[in-house]
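For reference, the chains in residue letters:
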Amino acid sequence: MKLVIAYIQPEKLADVKQALFDVDITKISLITNALGCGSQKGFVEEYRGVSVEVNLRMKVRLEIAVNEDYLEKCVGAIIKGAHTGSPHDGKIFVVELAECIRISSGERGRLAVG
Ligand SMILES: Nc1ncnc2c1ncn2[C@@H]1O[C@H](COP(=O)(O)OP(=O)(O)OP(=O)(O)O)[C@@H](O)[C@H]1O
Ligand SMILES: [Mg+2]
């Protein structure tokens with residue numbers, strides 16, 4: 001089992017959700033707004049005539065738990081929905097997931113991830 005954590009451009013959320021649904025991934029544990037920066041370390045902006053370094057950019061963070069056989073589908077769908085080819089399209093992290101427990105039934109592991 002893997003936990004997929006993705007940071008995407010907020011305006012790409014609808015496209016990413018649709019791309020995930022298209023490959024039958026309908027479970028998303030978390031969608032939150034995130035502030036962060038990648039390799040460009042932010043940017044400099046003029047504010048009231050003064051140059052201000054803005055280090056953090058708005059992103060949307062998604063977390064999706066999948067079984068191994070859905071990992072590439074999941075990653076592919078996020079890329080399909082979020083890719084423009086420009087910098088700051090986002091990033092995907094894949095983390096080993098030790099356990100999943102469905103509270104209603106007590107099922108564990110791949111059955112529980114579903
Ligand atoms: N190494 C990292 N560790 C943790 N979070 C990161 C890391 N790199 C990027 N992020 C998160 O991902 C978001 C998207 O980053 P971004 O797409 O700009 O990545 P990048 O590595 O700079 O790639 P690009 O060159 O395409 O801009 C960041 O705003 C930050 O929230
Ligand atoms: Mg960047």
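In case you missed it, the structure is sitting above this.
Since the structure is predicted, the reported quantities are computational estimates derived from the model, not experimental observations. (Residues numbered from 1 in each chain as written. Chains lettered and ligands numbered in written order. Predicted model: local features only at pLDDT ≥ 70, side-chain atom pairs only at ≥ 80, totals over all residues. Heavy atoms only, no water.)

Novice: Please provide a residue-by-residue account of the site of ligand 1, values included.
Specialist: If you check the shell around ligand 1, you find 13 residues, and the closest are Ser-39, Gln-40, His-88, Gly-90 and Lys-91. Between ligand 1 and the protein, one listed contact pairs an oxygen atom with a backbone N or O atom of Ser-39 at 2.6 Å. Within the contact set of ligand 1, an oxygen atom lies 2.7 Å away from a side-chain nitrogen or oxygen of Lys-91. Considered on its own, ligand 1 offers 600 Å² of accessible surface; in the complex 71% of this is hidden by protein. Element by element, the count of residues in the shell around ligand 1 is highest for strand β6 (residues 90–96), at 3 residues. Tallied by class, the residues present in the shell around ligand 1 amount to 4 nonpolar, 6 polar and 3 charged. (Near = heavy atom within 4 Å. Polar contact = N/O pair within 3.5 Å; in protein donor to acceptor, adjacent residues only side chain to side chain. Areas by Shrake-Rupley, 256 points an atom, 1.4 Å probe, with all protein chains shown as cover. Helix = DSSP H or I, 4+ residues; strand = E, 2+ residues; numbered from the N terminus. Nonpolar A, V, L, I, M, F, W, Y, C, P; charged D, E, K, R; others polar.)

Novice: Outline the environment of Pro-10, listing residues and values.
Specialist: You can see Pro-10 is positioned in the loop between β1 (2–8) and α1 (13–22). Judged by relative accessible area, Pro-10 falls into the partly exposed class, the value being 30%. Residues Pro-10 and Met-58 lie 48 residues apart in sequence; the distance between their C-alpha atoms is 7.3 Å. Pro-10 has contacts with Met-58, Lys-59 and Val-60, leaving out every residue within four places of it along the chain. (Buried < 20%, exposed > 50% of the residue type's maximum accessible area, 1.4 Å probe, protein only. Contact = heavy atoms within 4.5 Å.)

Novice: Got a sec to walk through the nonpolar core? Specific residues and values, please.
Specialist: The biggest cluster of nonpolar side chains holds 18 residues, and the ones touching the most others in it are Ile-8, Val-16, Leu-20, Leu-62, Ile-64, Cys-74 and Ile-78. Elements with a minimum of two residues in this core: β1, α1, β5 (57–66) and α2 (68–82). For this core, the element with the highest residue contribution is α2, accounting for 6 residues. Excluding residues that lie within four positions of it along the chain, Val-16 makes contacts with Ile-8, Leu-62, Ile-78, Gly-81 and Ala-82. (Core = buried A, V, L, I, M, F, W, Y, C linked by side-chain atoms within 4.5 Å.)

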